[in-house]
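Examination of the molecular architecture
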Amino acid sequence: MLAGQCCFKPATELYPGFAGTVAAVGALPSLAEGHRYSRTDRMAMAGARDAVADFDGPASDLRESGIVMASTVGGLSEIDAEISRGPAAWYRQGGLSRAASYPVSRVAASVAEHLGIEGPTCAVSVACASGAMAIALAANLLLDEAAPMVLAGGSDALCPFTLSGFNSLQALDPEPCRPFDQNRKGLNIGEGAAVLVLETLARATRRGARILAVLRGWAMTNDATHPTAPRKDGLGLACCIQRALEMAGCGIEDVGYVNAHGTGTPLNDIAETHAYESAFHGRSRPIPVSSTKSYFGHCLGAAGALEAAITITAMQTGALFPTLRLTDPIESSGIDWLRGELRRQPLPVAMSVSAGFGGSNAALVFGRSRA
Amino acid sequence: MKTTLPVLTGIGSVTPYGLLAGLISAEPLEPSVITAWSTPGLRRAFLVETFRPASIVPGLKTRRLDRLSAWALVASSLALRDAGIDLSYMDRSRIAVFFATGFGCVELTAAFYQSAATNGWAGTDPITFPETLSNAPASHVALFHDLRGPNVTLSSKSFAAESALLQGASLLRLGQADLAIVLAGDTLTQAVYEWYEAAHLLAPACFSNGPTFSADGFIPSEGVVAMVLEPAGRQTARSYAALGAGRWAAGGDVQAGVRQLLGDVRPDFILCAGNGAPCASSPVSSSACTIAGETEVIPAQAVATGMGEAGALLHLLLALSKRPGQGPALLLGTSAHGGFAALRLELF
């Protein structure tokens, strides 16, 4: 991303008749041989393993940790359409264990099994806002003292089910997407997983942990407007942003960067633009905004967690990632669309924003650690 | 009835017991014969009878929804009615919806697969696709009632409903919402039933008119239960119970975990929540009995056990409907896979 490279490739093999652009993860490390885990499960397990690789605290803390994992696809990647012609026959052909990976709860349970975690474990499935909501709910678990640490994130695999669904909605751009561009045509589906380790600042400081960022505020709202389309004026998302800033104790001037949901669909991007104009109205300088889905596509349930990780990376490196292929941005006097060259500037506070089908919105406000 | 804890003020349910606001009869049910798809012989389950949602909630349009979304809409409406809540006087941006499910919108997922099998992946139905998402029922609840607060759908191996109840109560305690509607449910489809059967999880009573409690499996069930939670002191109507501390865990020592949760509190009742485990040998029963001592144990009922990880709200509803009395209680769920969920309650 620092080099401005994106992960998109043309794809034709995902199902007959599909010709589009996707961002796929390569071969996954071999994990837990002898068990049947879906591709979504295995990406989640690999992400979680990496997230705790440097953990040097007491083993009991890891064992008692909580897990909140987001997914929309779950084990759908393992199930083919033939199941609808006769479930029992499909199961007899070896589909029984594949079908067992179908519920999204398996994603969280797989991480727990892989790392030997025995704390509170759940999966969140709130369409494309899932990953950010997983982090918000994990933070609530910490406030409730339900676990010493919580692993929070999301994972979703590419599969014909979702590609076909978005294709049927005519929401896909056959070319690499152009979020916030006036000539945007839709989104590209990606896949991936990201897992963050959350603990209270007091506890992390006490154990001398390397603190990557402080989650200062979070909020979740719903548009309650339409089953799929966002509220056109963006007020549901704007309310979410304002509540997250309120919890963070931040004003609109404090935020240096917004990692946007920015799918590249006509409806989402204009609604989101209105949300930023509303939420940051009165700010002395336009708010810097970019969509990093222009690098790796829309990873659905994993998107919010991946983009939270990228927001934290931006804060750590002072690198504000531009939206790729944004040549003719939506006109807005209140928004500083990041495009072209990578911008570098100190970033004490940044925000990651997600939204999804069903009207759900989530906003996370991160601050740099003082440590 | 003075408490500082979140309280349960409304219940709505769409279950094999019928469509009800408030408590239900709680008499043991017999499973029904499955007729929705052709079966190789007698197959039984606890089923929700077909009904017209608009006859219960005027103006409700559910033609394009699957049963799970329709039931969630009806159950949430009944729960709000039972709680005596007039939403027009509330800040709807501070009303949360938590929905717990094991399989989500599996009916329309099956329909989407059917369209792919028939027309190819390039010919699937755009109307159906968004309704396959697990959060569709909770979104429809928000849309119908204009609820603009947090809207969360979650799933947890064995403990989805308990998890939703705990996280909904947490949102109230943390001041992130003024009211929470917690729902839990699933629908039973051919694919799910045949998966249970192929995995040898079903009780003999699924295949004959035998006793419903068995050590050899469970009887699948379906439905949605909705519960309205309000912060302490806000409610003006009667409350069923106050929700105290709780926890759920994927593993560990059940008894040690529950004792840690209880501290010095000795519950008068333990309300058992079995989660798809064989009824008679459910680990919840043995754990509850060990923990109980002199405490009265309200056993799990087969109709709620059959709802698997989404069954705890029905377990709680059935236990409340039996009216064991007033005082401190513990809702306890355990799983054959390990782990537990426990919630301290004060019954009114």
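Model, not experiment: these values are computed from the prediction.

The rules we used
Residues numbered from 1 in each chain as written. Chains lettered and ligands numbered in written order. Predicted model: local features only at pLDDT ≥ 70, side-chain atom pairs only at ≥ 80, totals over all residues. Heavy atoms only, no water. Helix = DSSP H or I, 4+ residues; strand = E, 2+ residues; numbered from the N terminus. Rg over C-alpha atoms; globule rule 2.2 N^0.38 Å. Buried < 20%, exposed > 50% of the residue type's maximum accessible area, 1.4 Å probe, protein only. Contact = heavy atoms within 4.5 Å. Expected span 1.5 Å × (residues − 1). Pairing = 2+ DSSP bridges. Domains from an automatic or database assignment. Buried area = accessible area lost by both parts, 1.4 Å probe. Polar contact = N/O pair within 3.5 Å; in protein donor to acceptor, adjacent residues only side chain to side chain. Nonpolar A, V, L, I, M, F, W, Y, C, P; charged D, E, K, R; others polar. Salt bridge = Lys/Arg side-chain N within 4 Å of Asp/Glu carboxyl O.

Points about the overall build of chain A
When you go through chain A residue by residue, the secondary structure sums to 11 helices and 15 strands. In terms of overall dimensions, chain A is globule-like: its C-alpha atoms have a radius of gyration of 20 Å, near the 21 Å expected for 371 residues. Over its C-alpha atoms, taken along the principal directions, chain A stretches across nearly 65 × 55 × 40 Å. In chain A, which comprises 371 residues, the share counted as buried stands at 62%. For chain A, long-range pairs separated by at least 24 residues make up 77% of all intrachain contacts whose partners lie at least 6 apart in sequence.

Focus: helix α9 (residues 266–279) of chain A
Quick reminder: α-helices carry 3.6 residues per turn. Residues three or four places apart thus point the same way. Under the 1.5 Å per step criterion, the end-to-end length of α9(A) is 20 Å for 14 residues, consistent within 8% with the ideal 20 Å. Taken together, the buried residues of α9(A) touch α8 (235–248), β9 (257–259), β10 (287–290), β12 (335–337) and β14 (349–356) of chain A.

As for the pairing of strand β15 (residues 360–367) of chain A
Residues and elements named next belong to chain A. Counted residue by residue, β15 has eight buried out of eight residues, so it is predominantly covered. Burial along β15 is two-sided: Ser360, Ala362, Leu364 and Phe366 and Asn361, Ala363, Val365 and Gly367, pointing in opposite directions, are all buried. Strand direction decides the pairing type here: strand β8 (residues 214–222) and β15, joined by eight bridges, are antiparallel. Each bridged residue has a counterpart across the sheet, and for asparagine 222 the counterpart in β15 is serine 360. Two elements, β14 and β15, share eight bridges in a ladder whose sense is antiparallel. Looking at β15, one finds that valine 353 is bridged to alanine 363.

Observations regarding the sheet that holds strand β2 (residues 20–23) of chain A
Residues and elements named next belong to chain A. Strand order in the open sheet made by the three strands is β1-β2-β6, with mixed pairing throughout. In the strand order of this sheet, the two ends are held by β1 (9–11) and β6 (189–190), each with one partner. Inspection of the sheet shows β1 paired to β2 by three bridges, in the antiparallel sense. Counterpart to lysine 9 in the pairing with β2 is valine 22.

Topic: the domain arrangement of chain B
All names here are of chain B. In terms of domain boundaries, chain B breaks down into domain 1 (7–230) and domain 2 (241–347). Placing the centre of domain 1 and that of domain 2 at their C-alpha centroids yields a distance of 21 Å. Taken together, the 51 residues of domain 1 in the interface contact 46 residues of domain 2. Taken over both partners, the interface formed by domain 1 and domain 2 buries close to 3,600 Å², and the fraction arising from carbon and sulfur atoms is 73%. There are eight residue pairs in polar contact (both at pLDDT 80 or more) connecting domain 1 and domain 2. At the level of secondary structure, the elements contributing two or more residues to the side of domain 1 that touches domain 2 comprise β1 (7–15), α6 (160–173), β7 (179–186) and β8 (223–230).

Some thoughts on the interface of chain A and chain B
Chain A puts 62 residues into the contact, and the matching count from chain B is 63 residues. Between chain A and chain B, a total of about 4,800 Å² is buried, with carbon and sulfur atoms accounting for 62% of that surface. Linking chain A with chain B are 24 residue pairs in polar contact (both at pLDDT 80 or more). Those elements that provide at least two residues to the side of chain A that touches chain B are α3 (87–100), α4 (105–115), β4 (121–124), α5 (130–143), α6 (160–168), β8 and α8 of chain A. Per-element tally for the side of chain A that touches chain B: the top contributor is α6(A), with seven residues. Of the residues that constitute the side of chain A that touches chain B, the class distribution is 37 nonpolar, 17 polar and eight charged. Sheet topology note: the β4(A)/strand β6 (residues 151–155) of chain B ladder contains two bridges and is antiparallel. Opposite Ala123(A), over in β6(B), you have Ser155(B) as the bridge partner.

Observations regarding the pattern of salt bridges
Residues and elements named next belong to chain A. Considering all chains together, one arrives at 25 salt bridges over all chains under this definition. Glutamate 78 is paired through a salt bridge with arginine 36; the nearest N and O atoms lie 3.2 Å apart. A residue pair is termed long-range when its members are at least 10 positions apart, and glutamate 78 in the loop between β3 (66–70) and α3 and arginine 36 in the loop between β2 and α1 (39–51) qualify at 42 residues. A salt bridge links lysine 293 to glutamate 307; the shortest N-O distance between them is 2.9 Å. Residue lysine 293 is located in helix α10 (residues 293–296), and its partner glutamate 307 is located in helix α11 (residues 303–317); the two are separated by 14 residues in the primary sequence. Both residues of the pair, lysine 293 and glutamate 307, belong to the buried class. Within the structure, one salt-bridge network assembled from shared partners comprises Asp56, Asp61, Glu199, Arg203 and Arg207.

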